[in-house]
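Analysis of the macromolecular model
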Amino acid sequence: MVPHLITALTGPINELEQRVIDSMPATERWFRLEWMEHTPPLYSSVDIRNAGFKLAPVDTNLFPGGWNNLTPEMLPLAVQAAMAAIEKICPEARNLLIIPDNHTRNSFYLSNLVQLQRIFNMAGLNVRIGSISADVKKTTVIELPNGENITLEPVVRERGRIGLKNFDPCTILLNNDLSAGAPGILEDLHQQYLLPPLHAGWSVRRRSNHARSYEEVAKRFGKLLGIDPWLINPMFSQCAHADFSTGSGLHALQTSVDALLGKIRRKYKEYGIHEKPFVLVKADSGTDAMGVITVRDAKDLKALDGSVHSNMPLLKEGQSAGSVLIQEGVQTQERVHEAVAEPVVYMMDRYVVGGFYRIHPDRGTDENLNAPGAGFVPLAFHHSTQLPQPGARPGASVPNRFYMYGVVARLAMLAASYELEATDPHAEVYD
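This section reports on the structure supplied with the text. Because the structure is a prediction, the values reported are computed rather than measured. (Residues numbered from 1 in each chain as written. Predicted model: local features only at pLDDT ≥ 70, side-chain atom pairs only at ≥ 80, totals over all residues. Heavy atoms only, no water.)

Some points on the overall build of the protein
The helix and strand inventory of the protein stands at nine helices and 18 strands. Sorting the 431 residues of the protein into buried and exposed places 57% on the buried side. Counted over contacts in the protein with a minimum sequence separation of 6, partners at least 24 positions apart contribute 71%. When the accessible surface of the protein is summed, it comes to about 19000 Å², and 51% of that surface belongs to carbon and sulfur atoms. (Helix = DSSP H or I, 4+ residues; strand = E, 2+ residues; numbered from the N terminus. Buried < 20%, exposed > 50% of the residue type's maximum accessible area, 1.4 Å probe, protein only. Contact = heavy atoms within 4.5 Å. Areas by Shrake-Rupley, 256 points an atom, 1.4 Å probe, with all protein chains shown as cover.)

Quick look at the structure:
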């Protein structure tokens, strides 16, 4: 069952919702034409915030690790999408190797790997999990709290191909975001498909690049629908060389924060919004939510305590942040079980396959929910009773919102495909 939402829907979001529903044929055709020109990431997840007056993606993950939060009812869609993806990549594929995060023994993450293995196995592949961690020297079976178990095997490389003992895969699925850099064992593979590609990892990827790509997508989609792109796009700026541990670059960061807050205030005034604007300061690379700071006034940056300063420049596996992204904050007006909530949409290939609500009882509507203490409530997208109803009064039915979530998530996924094309080191360059 889908949980009841207490959502304030007023002003432009109602018009936006109605516009997208009424434009469904044009929207779906637009996506279809885009996918003829651009290749979607193999899989992705998108965090979405619904402020009532604005609906926008706030984070796009190209190595989603929460597949265990999808319900059994969502699996058929995921399996069909996995089949479609594999048919395009390697139609004759028989074996698939999943490479997980290093040094991870978190049972929730391991359950995520089991779910991924199940999805691709049901798509008709032999699936095994191979670790590139130096700690995994032999086949290791780990029992999980839910009664399942997972088998990790050491990856071996031979003649330019990687695999396991007596297992030669056509396709390698990375569920490792490469925060510590791209390991040599994964480079220059011979006639094997590595998905996502190495340049999708955080050793290369930057949130600011994604934000620029999404801004382009939002403008084009906004023109199609005749709407202000701001309604679906969080404004942003980038500040290079901000080091919280030494204080270097903080003046420039304050200036950038102040300028972006000014832009948001002008937009709020234009739409008659009386909320207090805020921004989120995030490391420009890295998938972890460590050190995400909510800032309502540039002066607040001076008052941050030392623990935040020491955490902010560090990323997963000790990577250092060279620059930060300053992103317009989007409140969430959604509640599940009395807790602040935000939808997370999961996609495989170009298809929405399901998702869940991330909830956090100890966080406010203007705070990052991807933090310790968060919980998850499954959300399905596939029930026929949740199909969008053209002509329905905007805000009158839950289905409209679900369709909107799927549209916004796919816009972010399309932006990710733009982003990966722009950063592909092997892309052909034409004069």
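There's more to say after this.
Quick look at helix α6 (residues 250–271)
Along an α-helix, a turn takes 3.6 residues, which lines up residues three or four apart on a common side. Taking 1.5 Å per residue as the helical rise, α6 with its 22 residues ought to reach 32 Å, and the 32 Å between its terminal C-alpha atoms agrees with that figure. At the exit of α6 stands G272, carrying a positive phi of roughly 70°. (Expected span 1.5 Å × (residues − 1).)

Here we look at the environment of D258
Mapped onto the secondary structure, D258 falls in helix α6. Residue D258 is classed as partly exposed on the basis of its relative accessible area, which comes to 45%. Once the C-alpha coordinates of D258 and D297 are considered, the two residues, 39 residues apart in sequence, prove to be 7.1 Å apart.

Quick notes on the state of the cysteines
This model, assessed by the stated rule, comprises one disulfide. Each sulfur in the disulfide pair C90 and C170 lies 2.1 Å from the other. Note on the C90 and C170 pair: the S-S dihedral is about 135°, so by sign convention the disulfide is right-handed. Here the residue C90 occupies a position in the loop between α3 (75–89) and β3 (95–100), and C170 occupies one in the loop between β8 (161–163) and β9 (171–175), the gap between them amounting to 80 residues. This pair shows no difference in class: C90 is buried, exactly as C170 is. (Disulfide = S-S within 2.5 Å.)

Without other data, these values stay purely geometric and don't point to any function.
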